[in-house]
Amino acid sequence: MLERATDLALQNKAQIELIHVVEMPSFPVLEDVAVMGLPSMLDAQLQQTLTDKALTQLAKFAQGHQIQQTTVLVGVPSDEIVRFAQQKMSM
């Protein structure tokens, strides 16, 4: 699939940008502790850890395939991909 995308990009003088969306896991067990603020603290730390790991892995993959642009987003994948595409189209 990436090979086909690369061919299309070359034919159309375009660039490929790899996108990865980090979807935060939910912790229904921790809902009882929400009053103390614990889940939000865990979410922030977990989000940063997952985002950092995704950035590292995506950059490594991109470098191996001569792709210059990578983006890591956080949220619901379908929503974030559509939002990202709409923003790119409006540029």
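Let me sum up the structure you'll find in this document. Quantities reported herein were computed from a predicted structural model and do not represent experimental measurements.

Here the focus is the overall build of the protein. Summing up its helical and strand segments, the protein has three helices and two strands in all. Mapped from its N terminus to its C terminus, the protein presents α and β elements in the order α-β-α-β-α. Here the contacts in the protein between residues at least 6 apart in sequence split such that 64% fall between residues at least 24 apart. Accessible area of the protein: about 7200 Å², with a carbon and sulfur share of 58%.

The next thing to look at is the environment of Glu-17. Relative to the helices and strands, Glu-17 resides in strand S1 (residues 17–22). The exposure class of Glu-17 is partly exposed, given its relative accessible area of 23%. Along the backbone, Glu-17 and Ala-62 are 45 residues apart, and their C-alpha atoms lie at a distance of 8.8 Å. A distance of 2.4 Å separates the side chain of Glu-17 from the side chain of Thr-71, its partner in a polar contact.

Located in the positive-phi region is Lys-13, a residue other than glycine, with phi close to 50°. Owing to a relative accessible area of 81%, Lys-13 belongs among the exposed residues under this scheme. Phi at Gln-66 takes a positive value of approximately 55°, unusual for a residue other than glycine. Look at Gln-66 and you get exposed, because its relative accessible area is 65%.

Turning to the nonpolar core, a few remarks are in order. Within the largest apolar cluster, nine residues are counted, these being Ala-9, Ile-16, Leu-18, Val-22, Ala-54, Leu-58, Ala-62, Ile-67 and Val-72. Only S1 and helix H2 (38–64) provide two or more residues apiece to this core. Sorting elements by how many residues they give to this core places H2 first, with three residues. Here Leu-18 is in contact with Leu-58, Phe-61, Ala-62, Ile-67, Gln-69, Thr-70 and Thr-71, once residues within four sequence places are set aside.

About the cut-offs
Residues numbered from 1 in each chain as written. Predicted model: local features only at pLDDT ≥ 70, side-chain atom pairs only at ≥ 80, totals over all residues. Heavy atoms only, no water. Helix = DSSP H or I, 4+ residues; strand = E, 2+ residues; numbered from the N terminus. Contact = heavy atoms within 4.5 Å. Areas by Shrake-Rupley, 256 points an atom, 1.4 Å probe, with all protein chains shown as cover. Buried < 20%, exposed > 50% of the residue type's maximum accessible area, 1.4 Å probe, protein only. Polar contact = N/O pair within 3.5 Å; in protein donor to acceptor, adjacent residues only side chain to side chain. Core = buried A, V, L, I, M, F, W, Y, C linked by side-chain atoms within 4.5 Å.

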